[in-house]
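Read off the chains here:
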Amino acid sequence: MVYSEDSKNIVFIESALIDLVPILLETLAKELADMEETLSKDDFDKLQEQAHSSRGAALTYGFESYAEILLDLQHAAENEASEILKHLFSLLHELLESVKFESST
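This section reports on the structure supplied with the text. Here the structure is a predicted model, which is why all the values come from computation and not from measurement.

What counts, and where the lines are drawn
Chains are numbered independently. Their residues run from 1 in the order of the written sequence. In view of the model being predicted, local features appear only for residues whose pLDDT reaches at least 70, and side-chain atom pairs are presented and counted only at 80 or more, with totals across whole chains, interfaces and linings using the full set of residues. For side-chain calculations, the full set of non-hydrogen atoms in the structure is used, while hydrogens and water are omitted. The way it works is that DSSP assigns letters per residue, a run of H or I at least four long becomes a helix, a run of E at least two long becomes a strand, and they are numbered from the N terminus. Using C-alpha atoms as the atom set, the radius of gyration is obtained and then compared with a globule rule of 2.2 Å times the number of residues to the power 0.38. Any residue under 20% of the maximum accessible area for its type is buried, any over 50% is exposed, and the rest in between are partly exposed; the area is computed with a 1.4 Å probe on protein chains only. The criterion used for residue contact is that any of the two residues' heavy atoms lie within 4.5 Å. Throughout, nonpolar core names a set of buried Ala, Val, Leu, Ile, Met, Phe, Trp, Tyr and Cys residues whose side chains join them through atoms within 4.5 Å. By definition, a salt bridge exists where a carboxyl oxygen of Asp or Glu is found within 4 Å of a side-chain nitrogen of Lys or Arg. Working rule for helices: expected span equals 1.5 Å times residues minus one. The arc in question is the one traced by the directions running from the helix axis out to the C-beta atoms. Aromatic rings from Phe, Tyr and Trp, taking only the six-membered ring of Trp, are treated as a pair when their centres fall within 6.5 Å; an angle between ring planes under 30 degrees marks them as stacked, one over 60 as edge-to-face, and anything in between as tilted.

Here's the deal with the overall build of the chain
Secondary structure summary: the chain contains four helices and two strands in total. For the chain, the N- to C-terminal ordering of α and β elements is β-α-α-α-α-β. Taking 13 Å as the expected radius of gyration for a compact globule of 105 residues, we find that the chain reaches 14 Å, a close match to that expectation. Seen through its C-alpha atoms, the chain measures out along the principal axes to roughly 45 × 25 × 15 Å. Buried residues in the chain amount to 34% of all 105 residues. In the chain, of all internal contacts separated by at least 6 residues, the share reaching a separation of at least 24 is 70%.

Concerning the nonpolar core
Counting residues in each nonpolar core, the largest one holds 31 residues, and the members touching the most others are Phe63, Tyr66, Leu73, Leu85, Phe89 and Phe101. At the level of secondary structure, the elements contributing two or more residues to this core comprise strand S1 (10-13), helix H1 (21-40), helix H2 (44-60), helix H3 (64-78) and helix H4 (82-98). In contact with Tyr66, not counting residues within four places along its chain, are Leu28, Leu32, Ser54, Ala58, Leu92, Leu95 and Leu96.

Some thoughts on the pattern of salt bridges
Considering all chains together, one arrives at three salt bridges under this definition. Here Lys41 makes a salt bridge to Glu37, at a shortest N to O gap of 3.8 Å. Residue classification places Lys41 among the exposed residues on the basis of a relative accessible area of 60%. Close ionic contact of Glu83 with Lys86 constitutes a salt bridge, the shortest N to O distance being 3.5 Å. In this pair, Glu83 and Lys86 are both assigned in helix H4, three residues apart and thus about one turn of the helix distant.

A closer look at the environment of Leu59
By the element assignment, Leu59 lies in helix H2. Under the relative-accessibility criterion, Leu59 is labelled partly exposed at 39%. Not counting residues up to four positions away in its chain, the partners in contact with Leu59 are Glu64 and Ala67.

Brief notes about H2
When the terminal C-alpha atoms of H2 are compared, their 25 Å separation across 17 residues agrees well with the 24 Å that a helix rising 1.5 Å per residue should span. For H2, the full list of buried residues reads Phe44, Leu47, Gln50, Ala51, Ser54 and Ala58. Buried residues of H2 fall within an arc of 110° about the axis and therefore sit on the same side. Looking at H2, the residues exposed on the side facing more than 90 degrees away from the buried face are Asp45, Glu49, His52 and Thr60. Where H2 is buried, its residues touch H1, H3 and H4. Positive phi appears at Gly62, one or two residues downstream of H2, with a value of about 75°.

Structural notes on the packing of aromatic side chains
For the structure shown, the criterion picks out two aromatic pairs. Taken together, a centroid distance of 5.0 Å and an interplanar angle of 25° make the contact between Phe63 and Tyr66 stacked. When the ring of Phe63 is compared with that of Phe101, the centres are 5.5 Å apart and the planes differ by 80°; the resulting orientation is edge-to-face. With Phe63 in the loop between H2 and H3 and Phe101 in strand S2 (residues 100-103), this residue pair connects regions lying 38 residues apart in the sequence. The same class applies to Phe63 and to Phe101, which are both buried. Through a chain of ring-to-ring contacts, the aromatic side chains of Phe63, Tyr66 and Phe101 assemble into a single cluster.

Right, dumping it as structure tokens:
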């Protein structure tokens with residue numbers, strides 16, 4: 001998967017969910033920190049589980065670009081590819097910092 005740092009990161013969601021976006025972002029940031037802690041312990045099995053769970057939350061809100069990277073993270077954890085995992089974590093941080101959620105209705 002190729003990720004473009006130049007592309008605008010806008011996620012369109014139902015207006016009923018827009019007020020929940022700050023909670024989502026806070027939750028994803030905490031989960032990301034937890035996954036990094038898990039990597040520091042070389043617990044690749046747990047990391048796969050955490051990425052899978054976080055991916056579900058991202059998909060619920062239509063945050064597909066984040067979910068795609070989490071899927072890659074799951075695969076990298078399965079292969080215990082620490083350097084790739086570090087790069088993927090960096091991409092996830094960038095997405096969380098730059099994402100904008102807008103109402104689709």
